[in-house]
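What follows is the residue order along each chain.
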Amino acid sequence: MADQGRQGTKQRMLDSAVLLLRERGAAGVTVDAVLAHSGAPRGSVYHHFPGGRNEIVLGAVRQAGDFITAMVDGSASGGDVQQTLDRLVLFWKRALTKTDYRAGCPVAAMASDSRDVIPDAGEVVREIFARWHASLTDVLCTSGFATPRAHRLATLVVSAIEGAVILCRASRDLRPLDDVLVEMKSLLERRD
């Protein structure tokens, strides 16, 4: 039972760090902010995260990356790229409206503002984006696209959705995601 409590505290801290990263970027994920948001006692930090703040932030972005990868892989298992796009866009629409447009993608946040502050950030972010790209390339190949085009389209999908999330936050409007979905679906109807 004690292990469950410790694991629960660690998970609450990671979940809090993910939300803080989504809302404030890596610079806004401080030990104090994670403790305040999670309600965890101060001693929990170095018990669960001996590497301190950097370990918390990297753990949070890995958790977020794993979540999105699992979502893409889960929807991609049917081999329907349209379903995968629908699911990704719906996820981001819900995430944006649930947080009143305050929270975006934690991986994009980490990519844009933490490389100088957290030494391993660049490598972790590259690895996460590579996994997303590989998963999307696989579903595109399964959907009948030649590998070189699937590779390029996967780059386009990741870039378009990440960019749309940023635009949605800036405009406080879901239209950029709707626009990306419509145009990507039209583009993905062509298998040439």
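Residues numbered from 1 in each chain as written. Predicted model: local features only at pLDDT ≥ 70, side-chain atom pairs only at ≥ 80, totals over all residues. Heavy atoms only, no water.

By the naming in an unreviewed UniProt entry, the protein goes by TetR/AcrR family transcriptional regulator and is assigned to Umezawaea endophytica.

**Q** It is not clear to me how empty space enclosed by the protein should be interpreted in this structure. Could you clarify?
**A** By the definition in use, this model includes one cavity of 30 Å³ or more. Size it by volume and the largest cavity reaches roughly 90 Å³. Taken together, I68, V72, L88, W92, W132, L136, V157, V158, I161 and E162 make up the full set of residues lining the largest cavity. Of all the secondary-structure elements, those providing two or more residues to the lining of the largest cavity are helix 4 (53–76), helix 5 (81–98), helix 7 (121–142) and helix 8 (147–171). When residues in the lining of the largest cavity are grouped by element, the largest group, four residues, is from helix 8. Partitioned by chemical class, the residues of the lining of the largest cavity number nine nonpolar, no polar and one charged. (1 Å grid on protein atoms, 1.4 Å probe; cavity = no way out; pocket = protein on both sides within 12 Å on 5 of 7 lines; lining within 4 Å. Points joined across faces, edges and corners; volume = space filled by probe spheres on them. Helix = DSSP H or I, 4+ residues; strand = E, 2+ residues; numbered from the N terminus. Nonpolar A, V, L, I, M, F, W, Y, C, P; charged D, E, K, R; others polar.)

**Q** What is the right way to look at helix 2 (residues 31–38) in this model?
**A** An α-helix turns once per 3.6 residues; consequently, residues spaced three or four apart project the same way. Restricting attention to buried positions, one finds in helix 2 the residues V31, A33, V34, L35 and S38. Just downstream of helix 2, G39 is the residue with a positive phi angle, here 75°. (Buried < 20%, exposed > 50% of the residue type's maximum accessible area, 1.4 Å probe, protein only.)

**Q** Teacher, can you tell me more about the environment of H37 here?
**A** Mapped onto the elements, H37 comes out in helix 2. Exposure remark for H37: the relative accessible area of 44% places this residue in the partly exposed category. It is 38 Å that separates the C-alpha atoms of H37 and D80, two residues lying 43 residues apart in sequence. Setting aside its immediate chain neighbours within four residues, H37 contacts S16, L19 and L20. (Contact = heavy atoms within 4.5 Å.)

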